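# Remarks on the overall topology
These are the residues of each chain, in order.
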Amino acid sequence: MSKKPVYILAIESSCDDTSASVICNDKILSNTVANQSIHAEYGGVVPELASRAHQQNIVPVVQQAIQKANIDKKDLNAIAFTRGPGLMGSLLVGTSFAKSLALSLNIPLLDINHMQAHVLAHFIHNNDCKKPPFPFLCLTISGGHTQIVKVEDYFEMSVLGETIDDAVGEAFDKSAKILNLLYPGGPLIDKHAKHGNPLAYKFTKPKVGPMDFSFSGLKTAFLYFIQKQEKENPNFIEENLFDICASLQHTITTILMDKLKNAVKETGIKHVAIAGGVSANSEIRKRLKETENTYKWTTYIPEFEYTTDNAGMIAIAGYYKYLQNNFSDIGVSANARLKVNDLS
Ligand code: KG4
Ligand code: ZN
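What you see is a predicted model, and the numbers here were worked out from it, not measured in a lab. (Residues numbered from 1 in each chain as written. Chains lettered and ligands numbered in written order. Predicted model: local features only at pLDDT ≥ 70, side-chain atom pairs only at ≥ 80, totals over all residues. Heavy atoms only, no water.)

It is worth spelling out the sheet that holds strand β10 (residues 298–300) at this point. Spatially, the five strands line up as an open sheet ordered β8-β7-β6-β9-β10, and their pairing is mixed. On the outer flanks of this sheet lie β8 (156–162) and β10, each paired with one strand and no other. Neighbouring strand axes in the sheet, compared pairwise and without regard to direction, differ in orientation by 25° on average. Here four bridges tie strand β6 (residues 136–141) to strand β9 (residues 271–275), and the two strands are oriented parallel to one another. Directly across from T140, in β9, lies its bridge partner A275. Running at roughly 155° to β10, helix α8 (residues 282–294) makes contact with β6, β9 and β10 of the sheet. (Pairing = 2+ DSSP bridges. Helix = DSSP H or I, 4+ residues; strand = E, 2+ residues; numbered from the N terminus. Axes fitted to C-alpha atoms, helices over the stretch in contact; angles between N-to-C directions. Contact = heavy atoms within 4.5 Å.)

Right under this line is the structure:
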């Protein structure tokens, strides 16, 4: 007898993107995202504006996800939502919406840890991408986080090392701001770097623990470097944008790769994945792939759609929680500071 399929609606609203997704077992049927362009004007996410925009976007985004999935609300078996970490005002919008919908449809609620969901995006079964076996290492790199995670099971994760100050996405975005590029600057640095020389300029790498990261020093060094060059040549940025971007990106990527090598050496685990918004970066993807030949690692690179914040990753995490009958109490509250190893 074949088992009945499980349909879950997932909602993600931890930062500045409102996203909804419908999953059928481990297959994504829809994944809609409303980006908030308002933040570009301010060079970063403004929390108050983010929560207001979530309020406006959440109903149409959810409706669109259900429509695209070609199902009826009554087909849903559960509602999953991001409990944290993230911006409290943003999380509250998704949390309240998910609770109300679960109550009105009389179906269970699944609260999801955003950091675990970034990792679990590797288990979405929409494509030929191979799924990592346990245990594996995951480098989670985003605008808010930079950590190397040891993943022993779907919800059994521990942090081996992490940033002691800025996240790598912030290093990209703040450096981009110094170069007068719009927010979020990470994808623009990636684009310009393609035409530049990665060895044109040298930036020093931080000295922290073997699996830890620090990016605030690099950002300051980068600012001083640009200011000094501009004193000598006011057109320095325009004339050398490609080389500047390529050199900065090369430095950041080398830092990430060095730390991953340390983690593989320390744990002996050679299955290595990347996750989070910054894992969309083309040089990081290329350098990780190269380790398959140089170090005989097996690498796992998620589809673009599931790297930056999206509800598809919340949906897959919800599916595995559903299989464990690990439902949430209706009184569950958002937690802005949830850690990857917090049970949620
Ligand atoms: O995971 P995400 O969507 O949101 C957070 O949870 O933070 O990550 C957003 C971050 C931003 O800092 C953005 O600049 C960066 O991901 N990003 C990139 C690229 N695409 C997105 N950074 C470098 N290269 C890219 N191609
Ligand atoms: Zn994220």
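Moving on, we get to the sheet that holds strand β2 (residues 18–24). On the basis of which strands lie adjacent, the open sheet formed by five strands has the order β3-β2-β1-β4-β5 and mixed pairing. Edge positions in the sheet fall to β3 (27–34) and β5 (109–113), since each of these pairs with one other strand and no more. Taken pair by pair, the neighbouring strands of this sheet meet at an average axis angle of 20°, ignoring direction. With six bridges joining them, strand β1 (residues 7–12) and β2 adopt antiparallel strand pairing. Looking across to β2, one finds that Y7 is bridged to C24. Of the strands in this sheet, β1, β4 (78–84) and β5 are in contact with helix α2 (residues 88–105), which crosses β4 at around 160°. Along the sheet face, helix α9 (residues 311–323) touches β1, β2, β3, β4 and β5 and points at about 135° away from the line of β1.

Before going further, it helps to examine the environment of L241. Mapping L241 onto the fold places it in helix α7 (residues 236–267). It is 38 Å that separates the C-alpha atoms of L241 and L338, two residues lying 97 residues apart in sequence. When near neighbours in sequence (up to four residues on either side) are disregarded, L241 contacts L179, L181 and H192.

For the structure on display, the rule yields eleven salt bridges. Across the pair E170 and K174 runs a salt bridge whose closest N-O atoms are separated by 3.3 Å. Of this pair, E170 and K174 both sit in helix α4 (residues 168–178), separated by four residues, roughly a single helical turn. The partly exposed category is assigned to E170, whose relative accessible area is 24%. Of the charged contacts in the structure, one is a salt bridge between K289 and E292, with a shortest N-O distance of 3.4 Å. Pair noted here: K289 and E292 are both in helix α8, with a separation of three residues, about one helical turn. Overall, the relative accessible area of 24% leaves E292 in the partly exposed class. (Salt bridge = Lys/Arg side-chain N within 4 Å of Asp/Glu carboxyl O. Buried < 20%, exposed > 50% of the residue type's maximum accessible area, 1.4 Å probe, protein only.)

Turning next to the coordination of the zinc ion (ligand 2). Ideal donor angles around a metal are set by the shape: a four-donor tetrahedron calls for 109.5 degrees, a six-donor octahedron for 90 or 180 degrees. At the metal site, the zinc ion (ligand 2) is ligated by H114 (NE2), H118 (NE2) and D309 (OD), and these contacts range over 2.1 to 2.2 Å. Note that the zinc ion (ligand 2) binds four donor atoms; their angles at the metal cover 91 to 147°, and the shape is irregular. On the primary sequence, the residues serving as donors to the zinc ion (ligand 2) are separated as H-x3-H-x190-D. Here H118, found in helix α3 (residues 114–120), pairs with D309, found in the loop between β10 and α9; they are 191 residues apart in sequence, far enough to count as distant. For H118, a relative accessible area of 1% translates into the label buried. (Donors = N, O, S within 2.8 Å, 3.2 Å for Na, K, Ca; no water. Tetrahedral: all angles 85-135°; square planar, octahedral: opposite > 155°, others 65-115°.)

On to the pairing of β4. Of all the seven residues making up β4, seven are buried; the element is thus mostly covered by neighbouring parts of the structure. In this structure, β1 lies alongside β4, joined through four bridges in parallel fashion. Looking across to β4, one finds that L9 is bridged to I79. Of the pairings in the sheet, the one linking β4 to β5 comprises five bridges and is parallel in character. Across the sheet, T82 pairs through a bridge with I112, a residue of β5.

Every one of the 18 residues lining ligand 1 counts as a neighbour, but G143, D173, D190, G277 and D309 are closest to it. With respect to ligand 1, the backbone of G277 contributes an N or O atom lying 3.0 Å from an oxygen atom. Protein contact buries 89% of the 560 Å² of open area that ligand 1 shows by itself. Put simply, the parts of the chain that give the shell around ligand 1 at least two residues each are α3, α4 and α5 (186–193). For the shell around ligand 1, the domains that each give at least three residues are domain 1 (7–122 + 306–323) and domain 2 (131–301). (Near = heavy atom within 4 Å. Polar contact = N/O pair within 3.5 Å; in protein donor to acceptor, adjacent residues only side chain to side chain. Areas by Shrake-Rupley, 256 points an atom, 1.4 Å probe, with all protein chains shown as cover. Domains from an automatic or database assignment.)

Assigned domains within the protein: domain 1 (7–122 + 306–323) and domain 2 (131–301). When each unit is reduced to the centre of its C-alpha atoms, the spacing between domain 1 and domain 2 is 27 Å. Buried area between domain 1 and domain 2, both sides added, is near 1800 Å², and the carbon and sulfur share of it is 71%. There are one salt bridge connecting domain 1 and domain 2. Residue D26 is joined to K131 by a salt bridge in which the shortest nitrogen-to-oxygen separation is 3.1 Å. (Buried area = accessible area lost by both parts, 1.4 Å probe.)

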